[in-house]
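# Structure assessment
Listed below, chain by chain, are the residues.
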Amino acid sequence: VNQILSLHGNWKVTTNPDYNPVTNQPTNESMISYIPRMWFNAGIKDKYIVSYNTELEISDSILGNKFGILVFNVINSNEVYINGKLIGKRGIIDKDKTKMQNNASPSLYRIPEGFLHKGKNRITIRVADNAESGGMLEAPRFCEMNICEKSYNRFLLVTGGSGFFMLFIGIYHLFLFLGNRKERAILYFGVGTIFHALTFLGFERIVYFFSDNFVVL
C-alpha cells in the first residue's frame, strides 16, 4: 500500500449503545449504511452512540509495514479499534450523556505492531454526539504511516495556516480602524474576516485542538 485508501462504502452500523467493540457484541439494532453519511441521512434518529464496522483484507506481503488511520470530520467524539483493540480516541464516549465530551479534531491513529493479521481485519469506529446529530462527513483513510503523516501534516499546515492567516488579517484591520475611525468599511471588513476565519476553522474542527467545548452552529 503506497497510497491512501479511502474506506468509503457500506459499513455495518450498530445503534445499540451497549455494543462492545472488543467482543463485537451485541449485534442487534444493526443495519448497513454508506459512509460517509450523517445519521439523519441514514435514517438514524434519537441515538447518541453509533458503532461502525467494516473489514479490510491485509496480504502477507505488506503485513510487516507500519500503518495508520486518518479520521477527519467525524461528528463528534470517536474511538477507533482494530480487531477489537483500541488504537486511539478523541473526546469521551459514555452511555451517560452527562459524562460525554465532544472532540471532533482531525486525527491520525497509529496501528501498533501486531494488531493486524493476514486476511480479514475488523475496523470499528464508535461515534458519539450528545445532541444526537452525529455522523461522518468524510470517510476514514488507511495508509502506511509515512504517507499518513505527510497527509495529516499537510492538512494541518494548509487548513490551519489559511484559517489563522484570515484571522490575522481581520485583527489587523481592526487595529487599522482604531487609527482611523471614520473608515467604517475597514471595521466591517475586519469583523467579517474574523467571523469567516472562525467559521472556517470550526468547520474543519481545528478549534478542537484548543477547546473541547467548541460548538459549530
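First things first, this report covers the structure right here in the doc. (Residues numbered from 1 in each chain as written. Predicted model: local features only at pLDDT ≥ 70, side-chain atom pairs only at ≥ 80, totals over all residues. Heavy atoms only, no water.)

## Here we look at the nonpolar core
Counting residues in hydrophobic clusters, the biggest one holds 29 residues, and the most contacted among them are Tyr-52, Ile-69, Ile-82, Ile-87, Ile-111, Ile-123 and Phe-142. Of all the elements, strand 5 (residues 49-58) adds the most residues to this core, at four residues. When sequence neighbours within four positions are dropped, the list of residues in contact with Phe-142 reads Gln-3, Ile-4, Leu-5, Leu-7, Leu-56, Ile-58, Phe-67, Gly-68, Ile-69, Ile-111 and Leu-116. Listed in part, the six residues of the second largest apolar core include Phe-72, Cys-143, Cys-148 and Phe-155. (Core = buried A, V, L, I, M, F, W, Y, C linked by side-chain atoms within 4.5 Å. Buried < 20%, exposed > 50% of the residue type's maximum accessible area, 1.4 Å probe, protein only. Helix = DSSP H or I, 4+ residues; strand = E, 2+ residues; numbered from the N terminus. Contact = heavy atoms within 4.5 Å.)

## Points about the sheet that holds strand 9 (residues 85-90)
Sheets are built from strands that pair by backbone hydrogen bonding, the pairs being arranged parallel or antiparallel. The strand order across the open sheet formed by six strands is 3-2-5-11-8-9, and the pairing between neighbours is antiparallel. The open sheet has two edge strands with one neighbour each: strand 3 (30-35) and strand 9. Strand-to-strand twist across the sheet, computed as the mean angle between neighbouring axes with direction ignored, equals 25°. (Pairing = 2+ DSSP bridges. Axes fitted to C-alpha atoms, helices over the stretch in contact; angles between N-to-C directions.)

## Comments concerning the sheet that holds strand 7 (residues 74-75)
Here we have three strands laid out as an open sheet, ordered 4-12-7, and antiparallel in their pairing. Single-partner strands in this sheet number two, and they are strand 4 (37-38) and strand 7.

## Side note on the state of the cysteines
For the structure shown, the criterion picks out one disulfide. With its sulfur 1.8 Å from that of its partner, Cys-143 forms a disulfide with Cys-148. With the S-S bond torsion at 105°, the cross-link from Cys-143 to Cys-148 turns out right-handed. (Disulfide = S-S within 2.5 Å.)

## Digging into the pairing of strand 6 (residues 67-71)
Judged by how many residues are buried, strand 6 sits mostly within the fold: five of five residues are covered. Judged by which residues are buried, strand 6 turns out to be covered on both faces: Phe-67, Ile-69 and Val-71 on one side and Gly-68 and Leu-70 on the other are all buried. As judged from the five bridges shared by strand 6 and strand 10 (residues 107-111), these two strands associate in the antiparallel manner. Within strand 10, the position partnered with Phe-67 by the bridge is Ile-111. Across four bridges, strand 6 lies against strand 13 (residues 141-144) in antiparallel orientation. Each residue of the ladder has a partner; that of Gly-68, found in strand 13, is Cys-143.

In short, the description is geometric, and any link to function would need to be established separately.
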